[in-house]
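# Summary of structural features
Next come the chains, spelled out residue by residue.
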Amino acid sequence: MEVPMSSLTKSVPPAAQPPVRSRPVQPGWLRVTHWLNVLAVLVMVTSGWRIYNASPIFGFRIPNEITLGGWLGGALRWHFAAMWLLAANGLIYLLVNLASGRLSRRFFPLTLRGVLRDAFAALRGRLAHDDPRQYNHVQRAAYLFAVLDLVLLVASGLAIWKPVQLGWLCTLFGGFQGARLVHFIAMAGLVAFVAVHVAMVALVPRTLRTMITGR
């Protein structure tokens, strides 16, 4: 008896298709540079506070319990070591972002209207985080601020470190004391960014997971 071809087709199980792996939310190079930046910033800020205490600009000192280095010489060693890590790692982060096109995709377009809209939505608890691959305008502005602030920190730090050899740079900041003031203000801005960033991560824990596992 002749068997219909349709019956034969139905009796053969379809070949198993390999699972399709989606692209990671955060690529490996980004996760590595992110955590190296975290380490470098933590060391630089806490050692910088100890250096500040040796010659305060303002009428207050940072509690020694939250500083790094133990004394001025030790703090300077930690600070310079972290400075090279931050400069090298930050340069890699910036160059790969530019070369891969990620900078333009993730951070732009950016408008003041969009920042205000998303900021008000966040204050009302209505800011969506459905797609972690897409940054809202507040995130774009905050991350761009952090990048520019780190550039300012490095530039003013170099002016403080080599005020004679880099006299032109020191002059741009209004002299040695001006560079110290800019450096301190930029540091305060970075600490404020970190505080807001940590608060946002606490509100959306998934963002921490993606920065650890990539997914």
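What counts and how
Residues numbered from 1 in each chain as written. Predicted model: local features only at pLDDT ≥ 70, side-chain atom pairs only at ≥ 80, totals over all residues. Heavy atoms only, no water. UniProt positions renumbered as here; feature names shortened; annotations may be inferred. Helix = DSSP H or I, 4+ residues; strand = E, 2+ residues; numbered from the N terminus. Buried < 20%, exposed > 50% of the residue type's maximum accessible area, 1.4 Å probe, protein only. Contact = heavy atoms within 4.5 Å. Areas by Shrake-Rupley, 256 points an atom, 1.4 Å probe, with all protein chains shown as cover. Core = buried A, V, L, I, M, F, W, Y, C linked by side-chain atoms within 4.5 Å. Phe/Tyr/Trp six-rings, centres within 6.5 Å; stacked < 30°, edge-to-face > 60°. Lys NZ or Arg CZ within 6 Å of the ring centre and 35° of its normal. Expected span 1.5 Å × (residues − 1). Arc of directions from axis to C-beta.

- Going by the annotation in an unreviewed UniProt entry, the name recorded for the chain is Cytochrome b/b6 domain-containing protein, with Pandoraea fibrosis given as the source organism.
- Quoted straight from UniProt, the Sequence similarities (unreviewed entry) entry for the chain says "Belongs to the HupC/HyaC/HydC family."
- Under the UniProt heading Subcellular location (unreviewed entry), the note attached to the chain is "Cell membrane".

## So, the overall build of the chain
- Along the backbone of the chain there are nine helices and zero strands.
- Each helix and strand of the chain, placed in order from N terminus to C terminus, yields the pattern α-α-α-α-α-α-α-α-α.
- Split into buried and exposed, the 215 residues of the chain put 33% on the buried side.
- Excluding contacts between residues fewer than 6 apart, the proportion of contacts in the chain whose partners are at least 24 apart in sequence is 67%.
- Summed over its atoms, the accessible surface of the chain is roughly 13,900 Å², and 71% of this surface lies on carbon and sulfur atoms.

## Some remarks on the UniProt feature "transmembrane region" (unreviewed entry) in the chain
- Here the UniProt-annotated "transmembrane region" (unreviewed entry) positions come out as residues 32–52, 78–96, 141–161 and 181–205.
- End-to-end, the C-alpha atoms of residues 32–52 are 30 Å apart, and along that stretch the chain is 100% helix and 0% strand.
- Across residues 141–161, the secondary structure splits into 100% helix and 0% strand, with the terminal C-alpha atoms separated by 30 Å.

## So, the nonpolar core
- Val41, Leu86, Leu150, Leu153, Met187 and Leu190 are the most contacted members of the largest nonpolar core, which has 19 residues in total.
- The residues touching Leu153, leaving out its near neighbours within four places in the chain, are His183, Ala186, Met187 and Leu190.
- Listed in part, the seven residues of the second largest apolar core include Leu30, Leu103, Phe107 and Met211.

## Notes on the packing of aromatic side chains
- Scanning all chains against the criterion turns up nine aromatic pairs.
- Plain terms: the ring middles of Tyr52 and Phe60 are 5.7 Å apart, the flat faces sit at 35° to each other, and that makes the pair tilted.
- The class for Phe60 is partly exposed, based on a relative accessible area of 41%.
- Judged by centre distance (6.2 Å) and plane angle (75°), the rings of Tyr143 and Phe193 are edge-to-face. In this pair, Tyr143 sits in helix 6 (residues 137–161) while Phe193 sits in helix 8 (residues 176–203), placing the two residues 50 residues apart along the sequence.
- Taking the relative accessible area as the measure of exposure, Phe193 reaches 15% and is therefore buried.
- Put simply, the rings of Tyr52, Phe58, Phe60 and Phe184 touch in pairs and so form one group of aromatic residues.
- The ring of Trp161 has Lys162 lying over it, and the distance from NZ or CZ to the ring centre is 4.8 Å.

## Observations regarding helix 5 (residues 112–123)
- Along its 12 residues, helix 5 runs 16 Å from first to last C-alpha, staying within 8% of the 16 Å computed at 1.5 Å per residue.
- Within helix 5 the residues assigned to the buried category are Gly114, Asp118 and Ala121. End-on, the buried residues of helix 5 take up no more than an arc of 55°, which puts them together on one face. With respect to the buried face of helix 5, the exposed residues turned more than 90 degrees away are Leu112, Arg113 and Leu123.

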